[in-house]
Amino acid sequence: MDVNKFIRSFGYAAEGVVSSLREQNFRSHLVSAVVVILAAAFTGFTRLEWLILLLVIGGMLTLEMVNTAIERVVDLASPEVHPLAKQAKDIAAGAVLVFACISAVIGALLFLPKWF
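*Asks:* Describe the environment of N25, and please don't skip the residues or the numbers.
*Replies:* Note on placement: N25 falls in helix α2 (residues 24–43). For N25, a relative accessible area of 45% gives the class partly exposed. A C-alpha to C-alpha distance of 22 Å links N25 and A108, two positions 83 residues apart in sequence.

Below, the structure is given as structure tokens:
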């Protein structure tokens, strides 16, 4: 195993995170994550509830990054408008929407019993 190559890969990953921070949708998910984390801290979540919450937040941020990567690759492969390119981008965005909706339901299941 090439240790230098392995270490450089973390730099490339960090560049990917920084690139994601330039994306409006990623930033909005990040702001939402901070708000939810603060709410959980004041709500007194258990260890299991924190685990679930952090997994959902991590999944949402990760999926948004994958969606952005797919959009970039599609734009590179098909710079002109093409129905299949649009479909690929719409499906990736739809995956983010589905996970966001499920995340909201999970959030409600975690928070509402503690608040009411």
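*Asks:* Tell me about the nonpolar core, and please be specific about residues and values.
*Replies:* In this structure, F26, A33, A40, F45, L53, I57, L61, L110 and F111 together form the largest nonpolar core, which totals nine residues. Where this core is concerned, the elements lending two or more residues are α2, α3 (47–77) and α4 (83–115). Leave out the neighbours within four places in its chain, and F26 touches S20, L21, L61, E64 and M65.

*Asks:* Describe the pattern of salt bridges, with residues and values.
*Replies:* Applying the stated rule across the entire model yields four salt bridges. The salt bridge partner of E23 is R72, with a shortest N-O separation of 2.3 Å. With E23 in the loop between α1 (3–21) and α2 and R72 in helix α3, this residue pair connects regions lying 49 residues apart in the sequence. Residue R72 is classed as partly exposed on the basis of its relative accessible area, which comes to 42%. Close ionic contact of D90 with K86 constitutes a salt bridge, the shortest N to O distance being 2.4 Å. Of the two residues, D90 and K86 are both situated in helix α4; the distance of four residues between them amounts to about one turn of the helix.

What counts and how
- Residues numbered from 1 in each chain as written.
- Predicted model: local features only at pLDDT ≥ 70, side-chain atom pairs only at ≥ 80, totals over all residues.
- Heavy atoms only, no water.
- Helix = DSSP H or I, 4+ residues; strand = E, 2+ residues; numbered from the N terminus.
- Buried < 20%, exposed > 50% of the residue type's maximum accessible area, 1.4 Å probe, protein only.
- Core = buried A, V, L, I, M, F, W, Y, C linked by side-chain atoms within 4.5 Å.
- Contact = heavy atoms within 4.5 Å.
- Salt bridge = Lys/Arg side-chain N within 4 Å of Asp/Glu carboxyl O.

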